[in-house]
Each structure stands twice: as structure tokens, then as C-alpha cells.
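Reading the structure
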Amino acid sequence: MEIMQAEDTLVCTNRSPGLQHMSLWVLRDRNGKPQVAVDPVGVRPGNWVFTMSGSAARHATGNFEVLTDLTIGGIIDFWEAENDQPTGNTVATG
Amino acid sequence: MEIMQAEDTLVCTNRSPGLQHMSLWVLRDRNGKPQVAVDPVGVRPGNWVFTMSGSAARHATGNFEVLTDLTIGGIIDFWEAENDQPTGNTVATG
Amino acid sequence: MEIMQAEDTLVCTNRSPGLQHMSLWVLRDRNGKPQVAVDPVGVRPGNWVFTMSGSAARHATGNFEVLTDLTIGGIIDFWEAENDQPTGNTVATG
Amino acid sequence: MEIMQAEDTLVCTNRSPGLQHMSLWVLRDRNGKPQVAVDPVGVRPGNWVFTMSGSAARHATGNFEVLTDLTIGGIIDFWEAENDQPTGNTVATG
Amino acid sequence: MEIMQAEDTLVCTNRSPGLQHMSLWVLRDRNGKPQVAVDPVGVRPGNWVFTMSGSAARHATGNFEVLTDLTIGGIIDFWEAENDQPTGNTVATG
């Protein structure tokens, strides 16, 4: 699963019926590359999240028939973008 | 799901029967790399779209038997290529 | 689906029985990276092709039991490697 | 399967119910890129592990219904990060 | 399918039971990046091989229940690492 930051919702009037009424978000990975994900969790702009890809993405929406290949799996409680590490935990990288 | 720009249709006289009569498009990602996708949505050259990959791509054509690994999922209403962001929305990337 | 150029067949005396008697080809992507694909279409060296990956690759051989993750989906009628674009078509990339 | 180093657990209060009670870890690949994986093996910070992705990741948790796309498959007994090779084995790379 | 070179076996005392008793190998891609694969073919250090990924990797072990995402599909008879091409064949890359 990848770590990304939620940016904003994505407006697509003409879209696949397979996405149903799921909310679409633009996420950014650590290199700034944009990705589009379905959000079943309820993120807000600026949140750090992790995402599931592949067939797990469909299951993770709670409805296997939602046709996504990327779904937000959870919001990370503490994440420091500057040094790309979790915060509030002791980090040991022997 | 990835964000790409539709360029042109792709002509392949000799192609897999598994693609049926679906229209094939050349898309470009943000680095200019070409990709080929099936278009069930009806795009036009220059449109910014998002794409589904993997097994979701087959479902997204509306017919699971269409043998694609990349399908256009929708046309993005507003997208600014220059700064790689949605437009017409307030963007917060705390 | 990706765009690649057919180079030559690949000889592997010791190979998985799951590939059956399918012909194997070395393809090159635009960066020159070699990939190995199954060819149900009948390509010739130098042809530009597009390829299907993942589970679509197995279906595209015409026999889901052929164990490939990359299959040639079709031969592109016109492709200009120099500028990485289709030829013989009007290209608009507004 | 990829080789990565375990860094720390990841705390996500708001996460997909599909992950059940599995422990989440931040792993680093050889370029330092963070990834999130489910850990059914019992790793410790600093361990070198290999990971399974895709649908194998779900099976590897021991419960196909756990919605992950990356699972730790095992702890490597000997691995030298400096020269990126196994240790304690004779290495021949003709 | 990707082309890689077999380096050495990988010793993991603590590993997923889903891998059963399959032999694990460290392979290197052309950039030297290590990957871990299951070997049903019987490779030797220094062999050039091609690999299957995704769900094809599980089938290619001869037992779909082996939880791998990368399996060696065959040993290449002739491969020149220097110029990254098959040898013993006439290569035409019009």
C-alpha cells in the first residue's frame, strides 16, 4: 500500500457508471505525481492516507462492483512529509 | 487511477479478436509516455481523462469479455496541465 | 496497453509447460528495455505492437490456461518511433 | 517479490474495516521509498523482509478477506544492505 | 515477462507457510535491482531467465496455492548481457 496526500475532489460529469456515486479524489505521491482514488473513508484536503490498488481496491470500497483500481484504505494519524516518516512513534531503522 | 490526455485513435488492422469493436486511443501521461486504452466514454483529442487498469479495466468497458488492461473511466471537467492540478476548485495541500 | 517494437523470437529450451507451444518474442519499449511476450497475432521483426498485461494477457492468447503476463494484442498500422506518435492520422493535443 | 526493510508500525485510527485487526508496517525499499504492508509474520524494526503484492498478498495473510495489496512473506536470514546482496551464501553472478 | 539473471538462493527461516517448500531465488534485473522469485525450473547461478508476475506466477509453480507474485518461467538459451540482446539469432530492429 502506498502513502499519499489528499489534495482535492475531482469533478467528472461524464464518467463510467461502474464508479457509482463514489467520491473521487486527487492524491499526490511523494514525487508529486497525481493519482485518482475512490474515498470510502471521508478524507479532508491535506490528510496523509494509504491506498490499496488492484482487486483489493474494489473490495475496499465495501462494494466489489465499484470499478476502481485505487481506494483510500485509511488516514494516517501522524506523518511528517519533510523527512518522510511517521511521527509520534519511536523509529528504529537498524 | 491515472490522469492522462487523449491524443488520437490508434489504427490496428491486425488485432486480437478479444478487443471486439472497441475504439482504441493513444493517451499520454504527464511525462509524455504513450499508452493505449479502450474508450467506452466518447473522448475527443485533447481531453483530460482518468484511466482504470487491471481487471477493473475489463469491467469498465461494460463487457467483462473485452480484453483490455486500460480503460478510460471518465473525462475530467477541469484540469490545468501546466501546474498539474484541477481547476475550478479550491485546492488545499496543507 | 503499452506500445513496443518486436525484435526477435526468444529461444528457451527449458521453460514452463504452462506456456504450451506459444511463440515467445523479445519486445523493446521506448526506453529500450526488453520484455518477453506471447505472440498470438503473427508479428515480424521491427513491427510496432501494443501489449496487454495482467490477467487480460492470458485471455488474449485465446486460451486462458497459457501462463503469460504479457501478450501482443495487435500490430499498429502506422507508428513513427522518432516522435513517438501515430502517423497517417491528424494529431491534436490541445 | 520485493526486498524491503521494516521501519515501524503505522497508526491509523480511521481505517478500512477490510484490514481487520492486522498490524500495519512502514517498509522502505532500497531507494528509501515508503510502502505500507500487513505483517502476519511478526517482524521487528530493522528486519529485512520480502513482500508479496497483488492477490497473493491477500492469501498470504492467512485470510483471503483481509484487504491488503502488500504482505510480508518472510524475514531474510542474512542480507547486506551496503552491497545489496545476501550474506552467508556464496554468490556467483557469472 | 521480464528478463533477469539468477544470483543465489535466499534463506528465510521465518516465512509464510503459503510458499510451501518452493526454492526462493534472488534475481537481478538489468538495473541491478534485486527481486525474489520462486523457481520451479531448476536454475543455476548466472542463468538468464524470464519471469512471470501476478496471478500467472501462482499458476506457473504448477500449484496455484503457492503464494508467489514472481515465478521463473524458463531459462534463456542465449543472452548477451553487454548489449542486452539474444545471441545466436539474427536480430532485426528496423
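All values reported here derive from a predicted model rather than from experimental measurement. The numbering scheme is per chain: residues are counted from 1 as the chain's sequence reads. As a convention, the first chain written is A and the first ligand written is 1, with the rest following in written order. Local features are withheld for residues below a pLDDT of 70 in this predicted model, meaning they are given only at 70 or higher, and side-chain atom pairs are given and counted only at 80 or more; totals for whole chains, interfaces and linings count all residues. Side-chain measures were taken over the full set of non-hydrogen atoms in the model, leaving aside hydrogen atoms and water.

**Here we look at the interface of chain D and chain E**
With 28 residues of chain D in contact, the opposing surface of chain E contributes 30 residues. Between chain D and chain E, the buried area comes to about 2300 Å², and carbon and sulfur atoms account for 53% of it. By definition here, a salt bridge exists when the distance from a side-chain nitrogen of Lys or Arg to a carboxyl oxygen of Asp or Glu is within 4 Å. The tally of links from chain D across to chain E stands at 1 salt bridge. Lys33 of chain E is paired through a salt bridge with Glu2 of chain D; the nearest N and O atoms lie 3.1 Å apart. Distance and chemistry together define a polar contact, namely a pair of N or O atoms within 3.5 Å, with one atom able to donate a hydrogen and the other to accept it when in protein, and with adjacent residues in sequence counting only for side-chain atoms on both sides. At the boundary of chain D with chain E, the tally comes to 9 residue pairs in polar contact (both at pLDDT 80 or more). Going through the elements one at a time, β1 (2-9), β5 (48-53), α1 (55-60) and β6 (70-75) of chain D are the ones with two or more residues in the side of chain D that touches chain E. Residue polarity is assigned by list, with Asp, Glu, Lys and Arg as charged and Ala, Val, Leu, Ile, Met, Phe, Trp, Tyr, Cys and Pro as nonpolar; anything else, Gly included, falls into the polar class. Grouping the constituent residues of the side of chain D that touches chain E by class yields 13 nonpolar, 11 polar and 4 charged. Any two strands are treated as partners once DSSP identifies two or more bridges connecting them. Think of it this way: any DSSP run of H or I at least four residues long counts as a helix, any run of E at least two long counts as a strand, and we number them from the N terminus. Two strands pair when backbone bridges link them, and β6 of chain D and strand β2 (residues 14-15) of chain E are joined in this way by 2 bridges, in the antiparallel orientation. Its bridge partner being in β2 of chain E, Gly74 of chain D is matched across the sheet by Arg15 of chain E. Throughout, a residue-residue contact means that at least one pair of heavy atoms, one from each residue, lies within 4.5 Å. Here the quantity called buried area is the accessible surface, traced with a 1.4 Å probe, that two parts lose on coming together, added over both.

**Things to note about the relation of the copies chain D and chain E**
Least-squares fitting of one copy onto the other uses the C-alpha atoms of those residues that reach a pLDDT of at least 70 in both copies. Superposition of chain D onto chain E requires a rotation of 72° combined with a translation of 0.0 Å along the rotation axis, giving an RMSD of 0.0 Å. Taken together, the rotation and translation relating the two chain copies correspond to the operation of a five-fold axis. For chain D, the smallest separation between a C-alpha atom and the rotation axis is recorded for Gly54 of chain D, amounting to 5.5 Å.

**Some points on the environment of Gln5 of chain B**
Residue and element names in this part refer to chain B. You can see Gln5 is positioned in strand β1 (residues 2-9). Along the backbone, Gln5 and Pro40 are 35 residues apart, and their C-alpha atoms lie at a distance of 15 Å. A distance of 3.0 Å separates the side chain of Gln5 from the backbone oxygen of Gly46, its partner in a polar contact.

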